[in-house]
Amino acid sequence: MARKDTPEQAEFREHCRRWLGENRPAPPAVRLPEMAIEVSTEDHMGYLSDWQNKCWEAGLVGSDYPKEYGGGGNHGFLRIANQEMSKAGTPFLINVIGLGMAAPTILHHGTEEQKRLYLKPLLAAEEIWCQGFSEPGAGSDLASAQTSAVRDGDNWIINGHKVWTSLATFSKWMILLARHSNDHKYNGLTYFVAPIADTPGVTVRPLIKITGGTGFNEVLFEDVVISDNMRLDEIGKGWTVAMTTLTHERGAAEGAGSGGGAGVEERIEGLVALAKKTPRGNGTAWDDPVLRDRIIQVAIRANGLRQTMRRGRVEGLIDHPMRLPLQGKVVMTELMQDAAAIGMEIAGAASSLYIRDENAPDQGDWPLGYMNSYGMTIAAGTSEVQRNILGERVLGLAKSK
Amino acid sequence: MSQPKDFGFGEDEKLLRDSARKFLSDTLPVDKLRKLVAGDHVEAYESAVQPLGYDENLWKQIVELGWTTLAIPEEAGGAGMKVVAVAAIAEEAGRAALPSPLIPTLIATAVLCEAKSAAASSALGRIAAGEAASIAITNAQGSWEPTDTDVVASQSGNETTLSGTASFVQDARKVSFFVVSAKNSSGIGLYVVDADAPGVTIRPDQIVDLTRDQARVEFKDVVIAADKVVATDGLEALRRATPSMLVIVAADLCGAAEWQLQTTAEYAKVRTQFDHPLGFFQAVKHPIVNAMIDIDRAKSLTYAAACEIDSEQATAEVAARMAKSAASDAAAFICSRSVQLHGGIGFTWECDVHIYFKRQKHNQMLYGDGIYQRSKLGEML
Ligand SMILES: Cc1cc2nc3c(=O)[nH]c(=O)nc-3n(C[C@H](O)[C@H](O)[C@H](O)COP(=O)(O)OP(=O)(O)OC[C@H]3O[C@@H](n4cnc5c(N)ncnc54)[C@H](O)[C@@H]3O)c2cc1C
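Residues numbered from 1 in each chain as written. Chains lettered and ligands numbered in written order. Predicted model: local features only at pLDDT ≥ 70, side-chain atom pairs only at ≥ 80, totals over all residues. Heavy atoms only, no water.

Before going further, it helps to examine the site of the ligand. Taken together, 18 residues are adjacent to the ligand, and A:Ser140, A:Trp164, A:Thr382, A:Glu384 and B:Gln282 come closest. The residues that come close to the ligand belong to more than one chain, namely chains A and B. Contact distances for the ligand include 2.8 Å between a nitrogen atom and a backbone N or O atom of A:Gln131. Within the complex, 69% of the 960 Å² of free accessible area of the ligand lies under protein. For the shell around the ligand, the secondary structure elements donating two or more residues are strand 3 (155-166), helix 10 (365-378) and helix 11 (383-394) of chain A. Looking at the shell around the ligand residue by residue, the class counts come to 7 nonpolar, 10 polar and 1 charged. Mapping the shell around the ligand onto the domain boundaries places at least three of its residues in each of domain 2 (130-240) and domain 3 (264-394) of chain A. (Near = heavy atom within 4 Å. Polar contact = N/O pair within 3.5 Å; in protein donor to acceptor, adjacent residues only side chain to side chain. Areas by Shrake-Rupley, 256 points an atom, 1.4 Å probe, with all protein chains shown as cover. Helix = DSSP H or I, 4+ residues; strand = E, 2+ residues; numbered from the N terminus. Nonpolar A, V, L, I, M, F, W, Y, C, P; charged D, E, K, R; others polar. Domains from an automatic or database assignment.)

Turning our eyes to something else, we now look at the nonpolar core. Counting 164 residues, the largest nonpolar core has B:Leu162 and B:Phe219 as its most contacted members. With 19 residues, helix 8 (residues 235-270) of chain B is the single largest residue contributor to this core. Beyond its immediate sequence surroundings of up to four residues, B:Leu162 is in contact with B:Val151, B:Val152, B:Ala153, B:Val180, B:Ala182, B:Tyr191, B:Val193, B:Phe219, B:Lys220, B:Asp221, B:Val222 and B:Ile224. The next biggest cluster of nonpolar side chains, apart from the first, holds 74 residues, and it includes A:Leu122, A:Phe133, A:Met174 and A:Val219. (Core = buried A, V, L, I, M, F, W, Y, C linked by side-chain atoms within 4.5 Å. Buried < 20%, exposed > 50% of the residue type's maximum accessible area, 1.4 Å probe, protein only. Contact = heavy atoms within 4.5 Å.)

A word on the confidence of the model for chain B. Per-residue pLDDT for chain B averages 97, and the proportion of residues at 70 or more is 100%. This complex was scored by the predictor with a pTM of 0.94 and an ipTM of 0.96. (pLDDT = per-residue confidence, 0-100.)

For the rest of this paragraph, the subject is the domain arrangement of chain A. Residues and elements named next belong to chain A. Taken domain by domain, chain A holds domain 1 (7-126), domain 2 (130-240) and domain 3 (264-394). Averaged C-alpha coordinates put domain 1 and domain 2 at centres separated by 25 Å. Every contact between the two is made by 19 residues of domain 1 and, on the other side, 18 residues of domain 2. Taken together, the two surfaces of domain 1 and domain 2 that pack against each other cover about 1,600 Å², and 66% of this comes from carbon and sulfur. Three residues stand out in domain 1 for area buried against domain 2, namely Ile 97, His 109 and Tyr 118, and they jointly supply 35% of the buried area on that side. Linking domain 1 with domain 2 are 0 salt bridges. Joining domain 1 to domain 2, the criterion identifies 3 residue pairs in polar contact (both at pLDDT 80 or more). Elements with a contribution of two residues or more to the side of domain 1 that touches domain 2: helix 2 (42-57), helix 4 (96-109) and helix 5 (112-123). The leading source of residues in the side of domain 1 that touches domain 2 is helix 4, at 7 residues. Tallied by class, the residues present in the side of domain 1 that touches domain 2 amount to 11 nonpolar, 6 polar and 2 charged. (Buried area = accessible area lost by both parts, 1.4 Å probe. Salt bridge = Lys/Arg side-chain N within 4 Å of Asp/Glu carboxyl O.)

What follows deals with the packing of helix 1 (residues 7-23) of chain A against helix 2 of chain A. Residues and elements named next belong to chain A. It is at 11 Å that the axes of helix 1 and helix 2 come closest, and there the two elements cross at 145 degrees. Along this stretch, helix 1 crosses helix 2, giving a crossing that reads as right-handed. Contacts between helix 1 and helix 2 involve Trp 19, Leu 20 and Asn 23 from the first element and Trp 51, Lys 54 and Cys 55 from the second. Counted by class, the contact of helix 1 with helix 2 contains 4 nonpolar, 1 polar and 1 charged residues. (Axes fitted to C-alpha atoms, helices over the stretch in contact; angles between N-to-C directions. Left-handed = near helix turned anticlockwise from the far one by under 90°.)

Going through the model one piece at a time under the given rule, you end up with 57 salt bridges over all chains. For A:Asp141, the salt bridge identified is with A:Lys185, shortest N-O distance 3.0 Å. In this pair, A:Asp141 is assigned in the loop between strand 1 (129-132) and strand 2 (148-152) and A:Lys185 in the loop between strand 4 (173-179) and strand 5 (189-195), connecting sequence segments 44 residues apart. Residue A:Glu265 pairs with A:Arg306 through a salt bridge whose shortest N-O separation is 3.2 Å. One end of the pair, A:Glu265, is in helix 7 (residues 264-277); the other, A:Arg306, is in helix 8 (residues 289-311), with 41 residues separating them in the sequence. The partly exposed category is assigned to A:Glu265, whose relative accessible area is 36%. One salt-bridge network, in which partners are shared between bridges, spans A:Arg311, A:Asp319, A:Arg323, B:Arg21, B:Glu91, B:Glu92, B:Arg95, B:Glu258, B:Asp296 and B:Lys299.

Here we take up the interface of chain B and chain A. How big an interface is tends to be stated in terms of accessible area lost as the parts join. On the chain A side, the residues contacting the 42 residues of chain B number 39 residues. Summed over both sides, the interface between chain B and chain A buries roughly 3,700 Å², with carbon and sulfur atoms accounting for 61% of that surface. When the buried area of chain B at its contact with chain A is split by residue, B:Lys285, B:Met292 and B:Arg374 rank highest and sum to 16% of it. Our count for the contact surface shared by chain B and chain A stands at 6 salt bridges. As a salt-bridge pair, B:Arg374 and A:Asp293 come within 2.6 Å of each other at their nearest N and O atoms. At the boundary of chain B with chain A, the tally comes to 20 residue pairs in polar contact (both at pLDDT 80 or more). If one sorts the elements of the side of chain B that touches chain A by residue count, helix 9 (residues 282-310) of chain B sits on top with 17 residues. Its residues assigned to classes, the side of chain B that touches chain A shows 22 nonpolar, 9 polar and 11 charged.

Here the focus is the packing of aromatic side chains. All names here are of chain B. Counted by the stated rule, this structure contains 17 aromatic pairs over all chains. Measuring from ring centre to ring centre gives 5.7 Å for Phe 23 and Trp 67, while their planes differ by 85 degrees; the resulting arrangement is edge-to-face. Separated by 44 residues along the polypeptide, Phe 23 in helix 1 (residues 11-27) and Trp 67 in the loop between helix 4 (56-65) and helix 5 (83-95) bring together distant segments of the chain. According to the relative accessible area criterion, Trp 67 is buried, its value standing at 3%. A ring pair is formed by Tyr 45 and Trp 349, whose centres lie 5.5 Å apart and whose planes are at 80 degrees; its orientation type is edge-to-face. Placement of Tyr 45 in helix 3 (residues 41-46) and of Trp 349 in the loop between helix 10 (316-340) and helix 11 (353-365) is noted, with a sequence separation of 304 residues between them. (Phe/Tyr/Trp six-rings, centres within 6.5 Å; stacked < 30°, edge-to-face > 60°.)

Encoded structure:
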């Protein structure tokens with residue numbers, strides 16, 4: 001059965017629609033990037049924090065969180081707010097890592113004090129969060145993280161090197177996976193919420209992406225002192241807590257937790273429009289049957305993804321509960337990648353023109369989007385790792401490692 | 001009409017599908033299927049006329065269960081169910097690689113339902129009473145365009161006669177009548193012709209697929225009674241029925257592909273090489289996962305298209321062509337991997353995988369493969 005709104009939910013959906021219709025912000029002076037993790041200017045950050053804050057005040061953010069932590073205290077409202085924001089095409093919510101990963105993790109594993117302290121400013125976008133999991137030596141094999149946490153009375157001393165840390169330059173807090181013991185791979189991990197803004201010993205350095213832009217960072221910890229009440233759950237439980245975070249990360253990566261943003265549909269419409277306006281021989285690229293076939297192939301995949309999301313809620317048409325949900329990330333990100341690649345092929349010689357060139361088709365969005373698409377197929381569990389998970393958890397194939 | 005979120009796949013459809021799945025897995029488990037269609041390779045491929053390889057008794061039970069009357073309107077003696085229900089049954093037929101005239105009968109039903117004439121209703125009544133039918137609309141070249149037929153209907157006085165040959169007629173030897181398209185003075189007409197009518201000769205093809213039969217059907221001055229003229233101008237009916245035809249075959253493709261997927265995954269669990277089950281190796285695991293993703297896409301698109309037909313969406317043809325394209329391509333991939341990943345055993349007659357492989361290759365091209373669907377879509381987008 002498709003999920004039906006309860007009367008309260010239907011009323012809330014109406015509220016979201018009306019509010020979004022009336023409060024859609026004017027676009028910023030400079031066009032927003034496609035995703036929150038690409039935001040790199042103070043202007044965009046200010047614009048988007050204000051927007052999330054307004055949405056929070058209107059009850060569209062954190063709707064399912066308990067009231068005492070700054071939420072709306074409801075059930076099944078979060079999904080509705082996200083659906084409506086995505087339908088309305090309003091700007092994305094900036095505190096993605098906070099909303100998608102930190103908040104559910106804190107709610108699940110935090111003490112009462114931690115929940116009261118961290119959740120409200122997170123939901124209201126007063127404090128931005130980042131995720132300090134990956135390290136130079138620990139990516140897909142996250143449990144091999146080496147950043148150390150050494151107990152010192154009521155404090156911990158942190159030393160180490162986190163990489164690919166999105167939003168770190170704007171963040172007040174980091175969810176941090178660190179190692180308190182080398183005796184066990186998994187049980188040697190402990191999870192913290194670490195203050196990283198204006199903290200002695202913390203250095204945040206932007207890393208330049210393949211696109212030439214900033215986007216993520218490396219974060220160095222040198223004898224950074226943090227209090228033991230910033231530890232989440234027990235010592236040695238870091239891996240379990242990280243699993244909670246990662247379970248939510250997949251949803252966040254699909255956009256479920258992050259509101260609006262550029263969609264697959266727009267990408268496909270853009271491709272068809274590009275083909276129809278790009279001269280090729282005596283006609284346009286759309287007249288080329290080979291190119292057209294490839295465009296239609298991705299259009300079919302895009303519609304397939306949409307229908308699969310629909311089917312995922314029809315109990316009678318699913319064979320395994322995790323089979324469709326676990327596909328979302330890999331299907332969506334690879335589709336976006338392939339669509340951008342075809343966009344470049346359609347643009348042909350002009351795909352060489354980048355974002356600063358006034359002759360670049362669609363302001364250089366195709367080469368930019370193509371390069372950026374690798375962020376999505378690598379971050380939040382690479383496509384290869386996602387395939388391992390699908391094969392093992394859904395089809396029951398032997399674990400690869 | 002707006003579309004239901006759940007594709008219109010509710011409790012009734014689920015019950016129908018579940019009981020069909022159970023019935024087929026009980027009555028036609030794969031070892032029985034193998035005995036039925038692939039017992040002997042010489043008989044299968046070297047007989048003068050290929051064996052029919054189907055269980056007439058099982059077919060009678062299927063008719064009694066009402067699967068052939070699902071989409072027939074209640075006025076004509078049917079159950080009047082939606083295309084999603086038909087798709088669900090077709091998916092189960094595919095999963096079982098069911099040798100029977102079920103699929104062609106469902107397709108003929110779709111065409112007759114669109115023709116909306118007295119002759120069409122009486123033909124639907126025959127199906128409702130248990131007869132099987134198949135459409136005969138394809139020319140010798142194998143064109144899927146409804147305008148292309150090698151059969152001509154001529155009129156002299158009150159009498160209509162058909163002459164010419166319909167090619168690639170599905171399960172021709174299992175049905176009692178054909179719905180034939182023929183060129184006439186006003187375009188393309190549709191006619192009901194009994195398989196045993198004077199002047200009709202069925203010339204069986206020698207085909208790869210072991211779960212079907214196929215034939216050229218020759219018409220030599222076949223006299224058509226007035227009450228067998230389904231439409232003198234039948235092109236529109238054929239066009240309107242096209243989405244259903246595509247969805248039915250797409251659903252069959254999805255069901256069979258799911259069997260191929262599960263069978264291949266199972267083998268990757270039990271077969272061990274280099275001290276690991278095959279599925280440990282990512283060159284095995286990842287293609288199986290890719291096949292699953294392809295199949296899920298095809299299945300979602302198939303039910304979405306069925307739902308669009310049911311809700312009378314003008315875009316149903318786009319949706320159905322997308323579904324058939326996705327299903328054909330998904331089948332092509334799992335066909336390839338199912339044989340390859342079984343290794344040497346997959347290359348043998350003894351391994352069940354070939355039965356599905358062959359049905360899928362046939363399904364893949366039926367009413368147009370992926371490339372064909374996409375070239376049609378190119379004209380529509
Ligand atoms: C845009 C972007 C934003 C990011 N943001 C953050 C962030 O905010 N916080 C954070 O902590 N991290 C972040 N990351 C890091 C991300 O989680 C890692 O890059 C990712 O987990 C992969 O790790 P790695 O880069 O070390 O690659 P590796 O793990 O070294 O992988 C290299 C290649 O080997 C493949 N591979 C690895 N293991 C296997 C296996 N078992 N089977 C098959 N193939 C395998 C991978 O798929 C990949 O193709 C971000 C990354 C990107 C690109």
